[in-house]
Amino acid sequence: MKTIYSNKDKVLFTPGPLTTSSTVKQAMLTDLGSRDIAFIEIVRQIRQKLLEIGSCSPDVYTVVPMQGSGTFGIEAVVSSTIPPDGKLLVIANGAYGERIAKIANVLNINCYVLRGVEEKTPDLDEINKVLKTNLGFTHVAVVHCETTTGIINPIQEIGGIVRDFNCKFFVDAMSSFGAVPINLYDCDIDYLVSSSNKCFEGVPGFSFVIAKTEALEKTQGYARSLSLDLFSQWQGLERDGQFRFTPPTHALVSFHQALIELEAEGGVSGRALRYRKNHEILVDGMKDIGFELYLQPANRSYIITSFISPNHLNFDFCSFYQHLSNRGYLIYPGKVSNANCFRIGSIGYLFKLDIHALLSAVQDTLTEMQIDLSGI
Ligand SMILES: Cc1ncc(COP(=O)(O)O)c(C=O)c1O
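Residues numbered from 1 in each chain as written. Predicted model: local features only at pLDDT ≥ 70, side-chain atom pairs only at ≥ 80, totals over all residues. Heavy atoms only, no water.

**Q** Would you explain helix 10 (residues 267–289) in this entry?
**A** Every α-helix winds through 3.6 residues per turn, so residues three or four apart in the chain are directed the same way. For helix 10, spanning 23 residues, the distance from its first C-alpha to its last is 33 Å, which sits close to the expected 33 Å at 1.5 Å a residue. Where helix 10 terminates, the next one or two residues include G290, which has phi positive at roughly 125°. (Helix = DSSP H or I, 4+ residues; strand = E, 2+ residues; numbered from the N terminus. Expected span 1.5 Å × (residues − 1).)

Put into structure tokens, the structure is as follows:
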């Protein structure tokens, strides 16, 4: 074995893990006991701050951090909040919506997928129709920013429909919460999941669920897994402020620092401003070079952008990626099913100068690959 990473970080234009500030990384140089009072206080403050960010009163909502990546948080909600005779409607327009349905299928949970095209937001009339004609749905799930394309789905409108049918509403806000304002009351959200390593600019290690206490209270005994039992995790935290099983202490300490930095930036709106600017510079610059975008402007988020891979004999994503990586910039492969795309994220500890530097590297790379997109 030998060290395979260098001291010089590459700049990550990905949907996570992301480039983080040096102070967030430095916070990890702390060994804390998971049952120690200092760590318990860190967890308490994180839970409290996340409620504030979602504009949630502690009388109505609670925060339950879960060890593991974002998918673990989603699986915790799906596996432990739907009763044995429950029925889940998943509104899917991308890979992460499909993943929610896959989790339900693995768990043998009665699930119907309302599948839309990836380049459009879900059809609200269709949702209404499905809920009206298929009686028996108890839960509805949707992804807020479908990172597959970068599209933003209308959770407030969907939440209103879900409320009319008296279902519980679950939103995967993995790649939006922290940088896109979400008011959980206004959207009638019962369960929202996000994670440490996206718009909060922390490091990977845990996800968290913001749950309506009234809904969560009624889920005792529904869990289909021990470690992902959301109710028991919540009960443990409420009882003594501790995780049931070993928490990722270093990730939580650095997340605490990341929350301080979010506040210093002006909270969600301050962060949104920076990401939006990053996105605008990126889109204008890529269009100037000759790239086309997958989504129409009205559907695009400032989180991540899908670009269509150019139809040029010399273009090959793997070598394009490798050239950029050699220059110190990491982009992301595409995930849409009906087009050949690649993705570039605007989130993380990235600023205007980073986007301009990436654009120069893209232009230099194309020149090296002998690709001129200006005439295509
Ligand atoms: C919208 C969305 N949901 C779920 C996930 C899965 O999260 P993780 O890879 O942390 O398990 C991601 C990851 O990018 C995502 O963007």
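Moving on from the coordinates now.
**Q** Could you clarify how one ought to interpret the layout of surface pockets in this entry?
**A** To locate leftover empty space, one rolls a probe as large as a water molecule over the atoms. What the largest pocket holds in volume is close to 330 Å³. Lining of the largest pocket is provided by 21 residues; of these, G70, Y96, R99, M174 and K198 occupy positions nearest its centre. Within the residue set of the lining of the largest pocket, elements represented by two or more residues are helix 3 (70–81) and helix 4 (95–106). Per-element accounting of the lining of the largest pocket gives the leading share, three residues, to helix 3. Looking at which domains feed residues into the lining of the largest pocket, each of domain 1 (11–16 + 267–369) and domain 2 (26–264) gives three or more. (1 Å grid on protein atoms, 1.4 Å probe; cavity = no way out; pocket = protein on both sides within 12 Å on 5 of 7 lines; lining within 4 Å. Points joined across faces, edges and corners; volume = space filled by probe spheres on them. Domains from an automatic or database assignment.)

**Q** So what exactly am I meant to see when it comes to the side chain of E118 here?
**A** Mapped onto the secondary structure, E118 falls in the loop between strand 4 (110–115) and helix 5 (124–133). At 8.9 Å, R115 is the nearest oppositely charged side chain to E118, a buried residue that forms no salt bridge. Engagement of the side chain of E118 in a polar contact is seen with the side chain of S337, the distance being 2.9 Å. (Buried < 20%, exposed > 50% of the residue type's maximum accessible area, 1.4 Å probe, protein only. Lys, Arg positive; Asp, Glu negative; His and termini not counted. Salt bridge = Lys/Arg side-chain N within 4 Å of Asp/Glu carboxyl O. Polar contact = N/O pair within 3.5 Å; in protein donor to acceptor, adjacent residues only side chain to side chain.)

**Q** What should I look at first to understand the packing of aromatic side chains in this one?
**A** Describing an aromatic ring pair means giving the distance of the ring centres and the angle of the ring planes. For the structure shown, the criterion picks out 20 aromatic pairs. Aromatic pair F200 and F208: ring centres 5.8 Å apart, planes at 75°, arrangement edge-to-face. Assigned by exposure class, F200 and F208 land together as buried. Centroid distance F208 to F255: 6.2 Å. Interplanar angle 50°. Geometry classified as tilted. Here F208, found in strand 10 (residues 206–212), pairs with F255, found in helix 9 (residues 249–264); they are 47 residues apart in sequence, far enough to count as distant. Among the residues examined, F208 registers a relative accessible area of 0% and is labelled buried. An aromatic cluster of at least three residues, connected via ring pairs, comprises F291, F307, F315, F317, F320, Y321 and F342. Positioned above the aromatic ring of F137, the side-chain terminus of K87 is 4.7 Å from the ring centre. Above the plane of the ring of F351 lies R274, whose end atom (NZ or CZ) is 4.5 Å from the centre. (Phe/Tyr/Trp six-rings, centres within 6.5 Å; stacked < 30°, edge-to-face > 60°. Lys NZ or Arg CZ within 6 Å of the ring centre and 35° of its normal.)

**Q** Just to check I follow, could you spell out the nonpolar core for this structure?
**A** Side chains of nonpolar character tend, in soluble globular proteins, to be buried together. The biggest cluster of nonpolar side chains holds 82 residues, and the ones touching the most others in it are L50, V78, F177 and I210. Once residues lying within four places of it in the same chain are set aside, the contact partners of L50 are V63, F177, F200, F208, I210, F255 and L259. The next biggest cluster of nonpolar side chains, apart from the first, holds 28 residues, and it includes V11, M286, F315 and Y329. (Core = buried A, V, L, I, M, F, W, Y, C linked by side-chain atoms within 4.5 Å. Contact = heavy atoms within 4.5 Å.)

**Q** Help me understand the site of the ligand in this model?
**A** In the vicinity of the ligand, the residues found are S69, G70, T71, I74, Y96, R99, V143, C145, T147, D172, M174 and K198. T71 has a polar side-chain atom sitting 2.5 Å from an oxygen atom of the ligand. Contact distances for the ligand include 2.5 Å between an oxygen atom and a side-chain N or O atom of T147. With the chains in place, 87% of the 390 Å² that the ligand exposes on its own is no longer accessible. When atom positions are compared with the pocket grids, the ligand is found to occupy the largest pocket. Looking at the shell around the ligand, the elements that each hand over two or more residues are helix 3 and helix 4. Here the shell around the ligand takes three residues from helix 3, the largest share from any one element. Among the residues making up the shell around the ligand, the classes are represented as five nonpolar, four polar and three charged. (Near = heavy atom within 4 Å. Areas by Shrake-Rupley, 256 points an atom, 1.4 Å probe, with all protein chains shown as cover. Sits in = over half its atoms within 2 Å of the grid points. Nonpolar A, V, L, I, M, F, W, Y, C, P; charged D, E, K, R; others polar.)

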